[in-house]
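The lines below spell out each chain.
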Amino acid sequence: MAGGSGTRLWPLSRRRSPKQLLALTGETSLLQQTVARLEPLLKPHEIYVITSQAHVRATQEQLPQLPPDNVLGEPLARSTAVAAGLGTVLARRESDEVCLVLPSDHFIGDDARFVEALRHAAGGAERGYLVTLGVVPTHAATGYGYIKVGEPLHQASEVALVERFVEKPDAATAAQFLEEGGYLWNAGIFVWRAYAFRQAVERYQPALASAFERIEALHRTPGWMSAVREILESVPAISIDTGIAEPAAAEGRMAVVPLAAGWSDIGSWSALLEALSATTGATLVASGQHLDRGSQRVLVHGGDRLVVTVGLSDVIIVDTPDALLVCARDRAEEIKPVLDEIAAKAGERYL
């Protein structure tokens, strides 16, 4: 799924260049890294990317190893359940195939462990369960939803039932979860047989299932995506988490595999600093032309212009040709609500 806008990574992530297309954690983009780590599991023709129609060309250029038709243009953004279902319909795969549903903008520190977790999840999916990967918590995070782990499917199994999903907690509740154990972060990564997901949509989101049936019946003549758009216009935004996974868990149809692979959703500049610091062991992470004296827990993302930092702590600096961001690390989540003010006062060209 490559339809996100990554607004909390402004000013680098913009409407024309969302975060999945950016090289934030290495020489290649997050999208390219996501596809590359699937190499042990899938051949290129088995990988599909669903993105906005505006980013189809750029996505194809980044992934020349995929057949061009495997990059699917979503005519209307309607959240993850709609994207996953539409991708399944457009891909026209067999109903008993196991499908991996992956966000394209996540960071994984240990690809081998990630692939191993997906293999365990596929085993659960083959038994008819909807399976998610739950990240083993490293701290009492309040920015993620949590998964309460239930009984294992069988003795010594890596796959366990999901007892329930928990909304993003406050700090005290998150600390309690960490102390109790048995809770995982919800990473939004899913594995299931195509028919099992379709049955879940029919059971929990019948209006969405009806929309998919209408889309399947369309003839794929030139301009047919306009008809897809018309069908989706009446469909509300439905996420996999709340629309499918939560009711499935309540009926014992949801399973989870723990993931300890250096995962981060790179949901903010602070999260990016955490991920890169954990990988490199450095408390100051910088790109571009940069000099420092005595700074710590600082991220600098620059370019050709020289950025000099002296004696800073817990600061984010992002320098682009037309916009400069300087913010306290613990307030990096506030960038998203500021964008409306930027559009009103400085103009939408900065978005």
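Cut-offs used in this document
Residues numbered from 1 in each chain as written. Predicted model: local features only at pLDDT ≥ 70, side-chain atom pairs only at ≥ 80, totals over all residues. Heavy atoms only, no water. 1 Å grid on protein atoms, 1.4 Å probe; cavity = no way out; pocket = protein on both sides within 12 Å on 5 of 7 lines; lining within 4 Å. Points joined across faces, edges and corners; volume = space filled by probe spheres on them. Helix = DSSP H or I, 4+ residues; strand = E, 2+ residues; numbered from the N terminus. Nonpolar A, V, L, I, M, F, W, Y, C, P; charged D, E, K, R; others polar. Buried < 20%, exposed > 50% of the residue type's maximum accessible area, 1.4 Å probe, protein only. Pairing = 2+ DSSP bridges. Salt bridge = Lys/Arg side-chain N within 4 Å of Asp/Glu carboxyl O. Axes fitted to C-alpha atoms, helices over the stretch in contact; angles between N-to-C directions. Parallel < 35°, antiparallel > 145°, perpendicular 65-115°, else oblique. Left-handed = near helix turned anticlockwise from the far one by under 90°. Contact = heavy atoms within 4.5 Å. Phe/Tyr/Trp six-rings, centres within 6.5 Å; stacked < 30°, edge-to-face > 60°. Core = buried A, V, L, I, M, F, W, Y, C linked by side-chain atoms within 4.5 Å. Expected span 1.5 Å × (residues − 1). Arc of directions from axis to C-beta. Polar contact = N/O pair within 3.5 Å; in protein donor to acceptor, adjacent residues only side chain to side chain.

## A word on the layout of surface pockets
Argument step 1. There is about 630 Å³ of room inside the second largest pocket.
Argument step 2. Looking at the lining of the second largest pocket, the elements that each hand over two or more residues are helix 1 (30-36), strand 1 (49-52), helix 3 (79-91) and strand 3 (98-101).
Argument step 3. Per element, the largest residue contribution to the lining of the second largest pocket is 5 residues, and it comes from helix 3.

## Some remarks on empty space enclosed by the protein
Argument step 1. Applying the stated criterion across every chain, the model contains 1 cavity of 30 Å³ or more.
Argument step 2. Computed from the structure, the largest cavity encloses a volume of approximately 60 Å³.
Argument step 3. In terms of lining, the largest cavity is formed by T34, R37, L102, P103, H106, I108, F114, I189 and W263.
Argument step 4. Grouping the constituent residues of the lining of the largest cavity by class yields 6 nonpolar, 2 polar and 1 charged.

## What to know about the pairing of strand 8 (residues 254-259)
Argument step 1. Across the 6 residues that make up strand 8, a large majority, 5, are buried.
Argument step 2. Relative to strand 8, strand 4 (residues 130-135) runs parallel, the two being bridged by 6 bridges. Each bridged residue has a counterpart across the sheet, and for L133 the counterpart in strand 8 is V257.
Argument step 3. Note that strand 6 (residues 160-166) and strand 8 share 2 bridges and pair antiparallel. Looking across to strand 8, one finds that L161 is bridged to A255.

## Re the pattern of salt bridges
Argument step 1. Per the stated rule, a full pass over the model turns up 16 salt bridges.
Argument step 2. R331 serves as the salt-bridge partner of E334, at 2.8 Å between the closest nitrogen and oxygen.

## Topic: the packing of helix 3 against helix 6 (residues 194-204)
A packed helix pair is summarised by two numbers, namely the angle formed by the two axes and the spacing between the axes.
Argument step 1. Their axes nearest at 11 Å, the elements helix 3 and helix 6 cross at an angle of 130°. When the axes of helix 3 and helix 6 are compared, the pair comes out oblique. The two elements helix 3 and helix 6 cross, and the hand of that crossing is left-handed. Seen from helix 3, the contacting residues are A81, A84, G85, T88 and V89; seen from helix 6, they are A194, F197 and R198.

## Observations concerning the packing of aromatic side chains
Argument step 1. One pass over the structure, following the stated rule, counts 7 aromatic pairs.
Argument step 2. Aromatic pair W185 and W263: ring centres 6.4 Å apart, planes at 55°, arrangement tilted. Of the two residues, W185 is situated in strand 7 (residues 183-193) and W263 in the loop between strand 8 and helix 10 (269-280); the sequence distance between them amounts to 78 residues. The burial state of W185 is the same as that of W263; both residues are buried.
Argument step 3. Three or more aromatic residues joined by ring pairs make a cluster, and in this case those are Y144, W185 and W263.

## Things to note about the nonpolar core
Argument step 1. W192 and M254 are the most contacted members of the largest nonpolar core, which totals 45 residues.
Argument step 2. Among the elements that make up this core, the one with the highest residue count is helix 3 (7 residues).
Argument step 3. Of all hydrophobic cores here, the second largest spans 38 residues; its members include L31, L63, L118 and A121.

## Some words on the environment of L325
Argument step 1. Here L325 shows up in strand 14 (residues 324-328).
Argument step 2. Considering only alpha carbons, one finds L325 and E233, 92 residues apart in sequence, at a separation of 36 Å.
Argument step 3. When near neighbours in sequence (up to four residues on either side) are disregarded, L325 contacts W10, P11, W269, I316, I317, V318 and I335.

## Notes on helix 4 (residues 111-126)
Argument step 1. Taking 1.5 Å per residue, 16 residues should reach 22 Å; helix 4 reaches 23 Å between its end C-alpha atoms and fits that length.
Argument step 2. Among all positions of helix 4, only F114, V115, A117, L118, A121, A122, G124 and A125 are buried. One side of helix 4 carries all its buried residues, which in axial view fall inside an arc of 165°.
Argument step 3. Looking at the buried side of helix 4, the elements it contacts are strand 3, strand 4, strand 7 and strand 8.
Argument step 4. One side-chain oxygen of the residue at the start of helix 4 lies 3.2 Å from the amide nitrogen of A112, identifying that residue as D110.
Argument step 5. In the stretch just after helix 4, G128 is the one whose phi turns positive, near 100°.

## Here's the deal with helix 6
Argument step 1. Along helix 6, the residues classified as buried are A194, A196, F197, A200, V201 and Y204. Buried residues in helix 6, looked at end-on, bunch into an arc of 165°, giving them a common side.
Argument step 2. Those residues of helix 6 that are buried lie in contact with helix 3, strand 3, strand 4, strand 7, helix 7 (206-216) and helix 9 (240-250).

## Things to note about the packing of helix 6 against helix 7
Argument step 1. Running from N to C, helix 6 and helix 7 point in directions that differ by 125°, and their axes come no closer than 5 Å. On the basis of their axis angle, the class for helix 6 and helix 7 is oblique. Between helix 6 and helix 7, the residues in contact are R198, V201, E202, R203 and Y204 and P206, L208, A209, F212, E213 and E216, respectively.
Argument step 2. For the contact of helix 6 with helix 7, the residue count by class is 6 nonpolar, no polar and 5 charged.

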